[in-house]
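Inside the fold
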Amino acid sequence: KAQRMRHWVMDYETLANCFTGVFEHYKTQETEIFVIHDLQNDLPKFISFLQENINNKEWHISYNGLAFDAQVTHYILDNYFLWKDLEGCEVAAIIYKYAQRCITKSNNKEFSDYPAWKMKMGQIDIFKMHHWDNAAKRSSLKWIQYSMDWQNIIDMPIHHETLIHTQAEINTILEYCVNDVKSTKEIYNRSHSQVKLRKELTKEYDINLYSASEPRISKEIFGYFLTKKLGIPKRDLKQMRTYRETIKVSDIILPYISFTSLEFNVLLDRFKSLEVNAYNLKGSFKYAIEYKNVKTHFGLGGVHGAANKGVYEPDDDMMIMSSDVTSFYPNLAIKNQWSPGHFPKEEFCDQYEWFFEERKKIPKSNPMNYVYKIILNSTFGLSNDDKSFFYDPELCMKITINGQLSLMMLYEQIMERIPGAIALLQNTDGVETIIPKAFYNEYMTICEEWEDKTNLNLEHDQYQKLILGDVNNYIGINDWVNVDITKWREIKEKQPHYLFKVENDKFSFAPVKLKGRFDFHDLQLHKNKSKLVIPKAIYHYFVHNTLPEEYLETNKNILDYCIGGKSKGDWKQVARKIKDGVYHEEDLQKINRYYISKNGVKIVKVNKTDQREIQLEAGRWLQEVFNDIKIQPKWENYDIDKKYYLEAIEQEINGIIDVSSNQLKLF
């Protein structure tokens, strides 16, 4: 009979004279708890457990475990035999000192003592896997607890330098540690498909990808194929880079780039005159043009422009066209035979194109479709990452500069050749425009000519309505699509924010695109989900014609009203209240969940160095700290201050529809 696998979700707490370790089975409630302290010294039992993990090939699942918990594990395994005559607190002090060293090394971005390939038990690091160690996505476990509506957001209540003396203090540490393990397990369960995918890739390519972020998957698999294609060892490939001092932009602009309007020719001249520092690309070039009453902004990274805020709903003679370039950045490289300077162009582009063509053959339901998408999209970003063997900043500039200029050629032709065309959006890989229906064929001709010239492909959609905040924040309602009832039900279950209708036994749906601050559907955990009731109310107003006050009457989900407040570094949060004429102040955690209430506290961020203060919610608003979710029997018991949410919703809506008074109107 096959042995049941006993992998463990785990977490350590290391204090000056106390060590705790909590392990929970990844599928069941089975739990193992270890304490190393004078009051309870589980070191022999703990070592026995770890040896059993190794012997049975049991894995450890953690949050930031590769840089911390797994380092501590292996340090203990390598040194425990030296500690047999020491007291529990003395052992804990040694572990604590090493743990602090691990934290320092991690903060300084130094290599760990124990790389993954040296580890004695398999590791799945959820933190690494989701790329939450990346600057743009950086998220603590506490923040992810807030994002996934975890029951109890608890900060470690005892400072790590504190000397522990009582069993009650140990129990407090364990309560915190158990909460972290259970929340890590919940993230793991939500990541099941991603873990499964990494397991299959690890098996297929014989590369440990269990804790790999998407960019690392891209590097490893593309690298796997390149080593075979180029006949070079992996270790040599990983050292390859192309370093450049400067990039002369006139040398990299594609020969087909041309414009007819004065505005875009001036833009082209500006780009051609550029010579950029290859080591300092970000933000080093900014330029804007006013064209057809729309301001469009350019940089080295991309283009964005938008018409004025508003609700754009064409009449019977007009239509909103949306055209996006298929896999834009990868195809720019493939079609123009661009590669990092250190790779042969033909071999690199052949391999890159192979991923693109293979992806087209694979249904979206197949995980490999997603893998190839990662490879195609990540490779461009890695061309500007000096830690990647794709590094060549000139390749990055070729793609981004020619990408925005190519797209502007399409935009300009639409606006110049179609009478009455109205520009709405221009962004990275697509344009949205209102055109007369009578010129639809001309629009498609312009697109086909552009495709012939650029050797790229466009995908087209039509919007029945566009609610525009700005270039990054809008709601787009596509035209109706007829489907059979089975598909209709499946879409309705997966995309409840779409529009659905049944007429004359015909089943139709209209996709609804939610962008930026208007997006409340299927948010990634590292993103800020605060005040979801606001984008939901805006959506219901513009899509379903529901007044905000009516919507607030129907939304009884307290978590939609919650807000996440975080403080870093020298800042702390305090709650202040005057009760019965007496001033009260209470220290809060670094991360707090709260909502706006009629009789709450005032949460203030205070700088511990210079005592500067910042109110989390400026003005008259009070907050109710809600770190531990307590469901009230009656909605009124929450004492929510609806005026706060209503004002925010109305301000957003009025900004879009340009209503001068506070009286909202349905169009």
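Not measured: the values here are computed from a predicted model.

Along the chain, the regular secondary structure elements total 19 helices and 27 strands. Compactness check: the chain gives a C-alpha radius of gyration of 29 Å against a globular reference of 26 Å for 667 residues, within 12% of the reference. For the chain, the C-alpha atoms occupy an extent of roughly 85 × 75 × 60 Å along the three principal directions. Looking at the chain residue by residue over its 667 residues, the buried ones come to 52%. Summarising the internal contacts of the chain: among those between residues at least 6 apart in sequence, 67% fall at separations of at least 24. One way to put it: in the chain the 87 positive side-chain charges average out to a point 2 Å from where the 93 negative ones average out.

Per the counting criterion, the structure on display carries 35 salt bridges. A salt bridge links Arg6 to Glu52; the shortest N-O distance between them is 3.0 Å. Linking Arg6 in the segment before β1 (8-15) with Glu52 in helix α1 (residues 43-55), this pair joins segments that are 46 residues apart in sequence. Take Arg6: its relative accessible area is 15%, and that puts it in the buried class. Residue Glu357 pairs with Lys360 through a salt bridge whose shortest N-O separation is 3.2 Å. Remark: Lys360 and Glu357 occur in helix α12 (residues 345-361); sequence separation between them is three residues, near one turn of the helix. For Lys360, a relative accessible area of 56% puts it in the exposed group. Look at the salt bridges and you will find they share partners, linking Arg6, Glu30, Glu52 and Glu58 into a network.

Right, let's get into the pairing of strand β8 (residues 286-291). With burial as the criterion, only one face of β8 is covered, namely that bearing Tyr287, Ile289 and Tyr291; the residues Lys286, Ala288 and Glu290 on the opposite face remain uncovered. Of the strand pairs in this sheet, β8 and strand β9 (residues 294-299) are connected by six bridges, and their pairing is antiparallel. Looking at β9, one finds that Ala288 is bridged to His297. Counting the residues in the hairpin turn of β8 and β9 gives two residues, including Lys292, whose phi is positive at 55°.

In any sheet, the strands associate via hydrogen bonds between backbone groups, in a parallel or an antiparallel arrangement. Taken together, four strands build an open sheet; the order of strands is β23-β22-β25-β26 and the sheet is antiparallel. Either end of the sheet is taken by a strand with one partner, and the two such strands are β23 (582-587) and β26 (613-615). The mean inter-strand angle of the sheet, taken between neighbouring strand axes irrespective of direction, is 30°. With three bridges connecting them, strand β25 (residues 602-607) and β26 associate as antiparallel partners. Across the sheet, residue Val604 finds its bridge partner in β26, namely Gln615.

This part takes up a positive patch on the surface. A cluster of basic residues, Lys109, Arg138, Lys566 and Lys568, forms a positive patch on the protein surface. Here Lys109 is to be found in the loop between α3 (88-107) and β5 (123-125). Taking the relative accessible area as the measure of exposure, Lys109 reaches 70% and is therefore exposed.

A residue-level look at the chain finds 98% of positions with pLDDT of 70 or above and a mean pLDDT of 94. Every residue in residues 659-667 scores below 50 in pLDDT, and together they form 19 contacts with partners more than four places removed in sequence or on other chains.

When you tally the buried positions in strand β19 (residues 506-510), you get four out of five residues, the bulk of the element. As defined by bridge partners, strand β18 (residues 499-503) adjoins β19 across five bridges and the pair is classed as antiparallel. Note on β19: the bridge partner recorded for Val502 is Phe507. Joining the antiparallel neighbours β18 and β19 is a turn of two residues, in which Asn504 adopts a positive phi near 50°.

To continue, consider the side chain of Ser211. One can find Ser211 in the loop between α7 (192-205) and α8 (214-230). Within the structure, the side chain of Ser211 is placed 3.4 Å from the backbone oxygen of Gln123, a separation counted as a polar contact. In this structure, Ser211 is in contact with Leu66, Gln123, Ile124, Asp125, Lys128 and Met129, ignoring residues within four places of it in sequence.

Quick look at the state of the cysteines now. In the structure shown here, the tally under the stated rule is zero disulfides. Cys349 carries a free sulfur, and the closest cysteine sulfur to it, the one in Cys396, is 15 Å from it. Using a relative accessible area of 1% as the deciding quantity, one classes Cys349 as buried.

At a closest axis distance of 10 Å, the pairing of helix α2 (residues 69-79) and α3 adopts a crossing angle of 140°. Looking at the two axes, α2 sits oblique to α3. Judged by the sense of rotation from one axis to the other, the crossing of α2 with α3 is right-handed. Each of Gln71, Val72, Tyr75 and Ile76 in α2 lies in contact with α3, whose residues at this interface are Ile94, Ile95, Tyr98, Ala99 and Cys102. Looking at the contact of α2 with α3 residue by residue, the classes come out as eight nonpolar, one polar and no charged.

Attention now moves to helix α19 (residues 642-657). Because an α-helix packs 3.6 residues into every turn, residues spaced three or four apart end up facing the same way. Here α19 is 16 residues long and its end C-alpha atoms lie 22 Å apart, about the 22 Å a rise of 1.5 Å per residue gives. Of the residues one or two after α19, Asp658 is the one with positive phi, at around 60°.

We now examine the packing of aromatic side chains. If you walk through the whole model with that rule in mind, you get 55 aromatic pairs. Between Tyr224 and Phe225 the ring centres are 5.4 Å apart and the planes differ by 85°, which places this aromatic pair in the edge-to-face class. On the accessibility criterion, Tyr224 (25% relative accessible area) is partly exposed. Ring geometry for Phe520 and Tyr539: centres 5.2 Å apart, planes at 70°, overall edge-to-face. A residue pair is termed long-range when its members are at least 10 positions apart, and Phe520 in the loop between β20 (512-514) and α17 (533-544) and Tyr539 in helix α17 qualify at 19 residues. Taken as a pair, Phe520 and Tyr539 share a single burial class, namely buried. Over the aromatic face of Tyr146 sits the side chain of Lys529, whose NZ or CZ is 5.3 Å from the ring centroid. A cation over a ring is seen here: Arg620 above Trp621, with NZ or CZ 3.8 Å from the ring centre.

About the cut-offs
- Residues numbered from 1 in each chain as written.
- Predicted model: local features only at pLDDT ≥ 70, side-chain atom pairs only at ≥ 80, totals over all residues.
- Heavy atoms only, no water.
- Helix = DSSP H or I, 4+ residues; strand = E, 2+ residues; numbered from the N terminus.
- Rg over C-alpha atoms; globule rule 2.2 N^0.38 Å.
- Buried < 20%, exposed > 50% of the residue type's maximum accessible area, 1.4 Å probe, protein only.
- Contact = heavy atoms within 4.5 Å.
- Lys, Arg positive; Asp, Glu negative; His and termini not counted.
- Charge placed at Lys NZ, Arg CZ, Asp CG, Glu CD.
- Salt bridge = Lys/Arg side-chain N within 4 Å of Asp/Glu carboxyl O.
- Pairing = 2+ DSSP bridges.
- Axes fitted to C-alpha atoms, helices over the stretch in contact; angles between N-to-C directions.
- Patch = residues over 30% accessible without salt bridge, like charges linked within 9 Å, V, L, I, M, F, W, Y side chains within 5 Å.
- Areas by Shrake-Rupley, 256 points an atom, 1.4 Å probe, with all protein chains shown as cover.
- pLDDT = per-residue confidence, 0-100.
- Polar contact = N/O pair within 3.5 Å; in protein donor to acceptor, adjacent residues only side chain to side chain.
- Disulfide = S-S within 2.5 Å.
- Parallel < 35°, antiparallel > 145°, perpendicular 65-115°, else oblique.
- Left-handed = near helix turned anticlockwise from the far one by under 90°.
- Nonpolar A, V, L, I, M, F, W, Y, C, P; charged D, E, K, R; others polar.
- Expected span 1.5 Å × (residues − 1).
- Phe/Tyr/Trp six-rings, centres within 6.5 Å; stacked < 30°, edge-to-face > 60°.
- Lys NZ or Arg CZ within 6 Å of the ring centre and 35° of its normal.

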